[in-house]
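Spelled out, the chains give:
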Amino acid sequence: MTAALPIQLDRSSPVPLYHQLAEQLTAAITDGRLRPGDPFENELGMSDRLSLSRPTVRRAISELVNQGLLIRRRGIGTTVANQMVHRKAELTSLYEDLQREGRTPRTEVLSLDCEAQDDQAAAVLELPPGTPLVSIVRLRYADDLPLAIMRNWLPPALNDLTLEQLTTSGLYAVLRARGIRPTVARQRIGARNATADERRTLHMSKAEPLVTMTRSAYAADGSPVEYGNHCYRADQYSVDVIVSER
């Protein structure tokens, strides 16, 4: 049975009604009030209940469909999509994002090399070419689903990191525990086909794409903290960005 969510709309607000509705529906999905597979209130019923025009409700629902939160199926109606991780444009780790989404993160450290050399990573970390760096490759699970392969490079001062630390906590939590606080980062989001190894590791088919992200993180004084190159299953990961007029 479809439950009618309590919705509060401010008709005096400059924020469009469709956007207010879409934001509250999104919150109901991300905080677990609506679960994957749940039927969704139909467009006509919602427009009547909230005294909104059908185009307004249709636009709000389309926003969620476009984000992958809802699925429309002929003969079945609209249902909540399988759960995805939605990373907002803020400086958090995937481990923290998963916990916030109510999912259980788990980490498998694929490699930890404290003598790695990578000139691109060294340049981002403002170190001379050939500097021995700490290189970490981790496989992050969301519940029991392999979600992301995360490659990170850290300055040599962190060469005493342990497998246990990296397995039981997110990288940023490990850094903060040592007095290193990433406060700002430059990110680039992209997409590409997965390699054969990545498909095997992430349990993907050949046709499925990856979401990619490179990140350079800095402390408050501008000093580089870490450089990351991550890839995610596109069916389980998206990035939410709010933009505004200048």
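Residues numbered from 1 in each chain as written. Predicted model: local features only at pLDDT ≥ 70, side-chain atom pairs only at ≥ 80, totals over all residues. Heavy atoms only, no water.

Caption draft 1: Representation of the overall build of the chain in the model. Scanning the chain from N- to C-terminus turns up eight helices and 10 strands. Every one of the 246 residues in the chain was classed for burial, and the buried ones make up 42%. For the chain, contacts bridging at least 24 residues in sequence account for 57% of all contacts bridging at least 6. Surface exposure of the chain reaches about 13,300 Å², of which carbon and sulfur atoms provide 49%. (Helix = DSSP H or I, 4+ residues; strand = E, 2+ residues; numbered from the N terminus. Buried < 20%, exposed > 50% of the residue type's maximum accessible area, 1.4 Å probe, protein only. Contact = heavy atoms within 4.5 Å. Areas by Shrake-Rupley, 256 points an atom, 1.4 Å probe, with all protein chains shown as cover.)

Caption draft 2: Expanded view of the packing of helix H2 (residues 43-50) against helix H3 (residues 54-66). Running from N to C, H2 and H3 cross one another at 120°; their axes reach a closest spacing of 9 Å. Put simply, H2 runs oblique to H3. Crossing of H2 against H3: the hand is right-handed. Note on element contacts: H3 touches H2 through Arg 54, Val 57, Arg 58 and Ile 61, opposite Glu 43, Leu 44, Met 46 and Ser 47. (Axes fitted to C-alpha atoms, helices over the stretch in contact; angles between N-to-C directions. Parallel < 35°, antiparallel > 145°, perpendicular 65-115°, else oblique. Left-handed = near helix turned anticlockwise from the far one by under 90°.)

Caption draft 3: Seen up close, H3. Counted at 1.5 Å a residue, the expected span for H3 with its 13 residues is 18 Å, and the 18 Å between its end C-alpha atoms agrees. Those residues of H3 that fall on the buried side of the exposure criterion are Thr 56, Val 57, Ala 60, Ile 61 and Leu 64. Down the axis of H3, the buried side of the element spans an arc of 125°, and every buried residue falls inside it. Every exposed residue of H3 that faces more than 90 degrees away from the buried side is listed here: Pro 55 and Asn 66. Along its buried surface, H3 packs onto helix H1 (17-30), H2 and strand S1 (70-73). (Expected span 1.5 Å × (residues − 1). Arc of directions from axis to C-beta.)

Caption draft 4: Here's a closer look at the pairing of strand S8 (residues 209-218). For S8, the buried fraction is high: seven of the 10 residues fall into the buried class. Here strand S7 (residues 184-193) runs beside S8; their pairing, made up of 10 bridges, is antiparallel. Within the sheet, the bridge partner assigned to Ile 189 lies in S8 and is Met 213. Hairpin connection from S8 to strand S9 (residues 224-233): five residues lie between these consecutive antiparallel strands, with Gly 222 at a positive phi of about 90°. (Pairing = 2+ DSSP bridges.)

Caption draft 5: Summary view of the side chain of Thr 107. Counting through the fold element by element, Thr 107 comes out in strand S4 (residues 105-116). For Thr 107, a relative accessible area of 6% translates into the label buried. A polar contact is formed between the side chain of Thr 107 and the side chain of Arg 140, at a distance of 2.8 Å. (Polar contact = N/O pair within 3.5 Å; in protein donor to acceptor, adjacent residues only side chain to side chain.)

Caption draft 6: Region of interest: the nonpolar core. Leu 21 and Leu 25 are the most contacted members of the largest nonpolar core, which has 21 residues in total. Contributions of two or more residues to this core are made by H1, H2 and H3. It is H1 that contributes the most residues to this core, six residues altogether. Residues contacting Leu 25, with those up to four places away along its chain left out, are Leu 5, Ile 7, Phe 40, Met 46 and Leu 64. Of all hydrophobic cores here, the second largest spans 14 residues; its members include Leu 154, Leu 166, Leu 175 and Val 225. (Core = buried A, V, L, I, M, F, W, Y, C linked by side-chain atoms within 4.5 Å.)

Caption draft 7: Main features of the sheet that holds S9. Spatial strand order, S4-S5-S6-S9-S8-S7: six strands in an open sheet with antiparallel pairing. Across the chains shown, the open sheet's two edge strands, defined by having one partner strand only, are S4 and S7. Pairwise comparison of adjacent strand axes, ignoring direction, gives a mean angle of 15° for this sheet.

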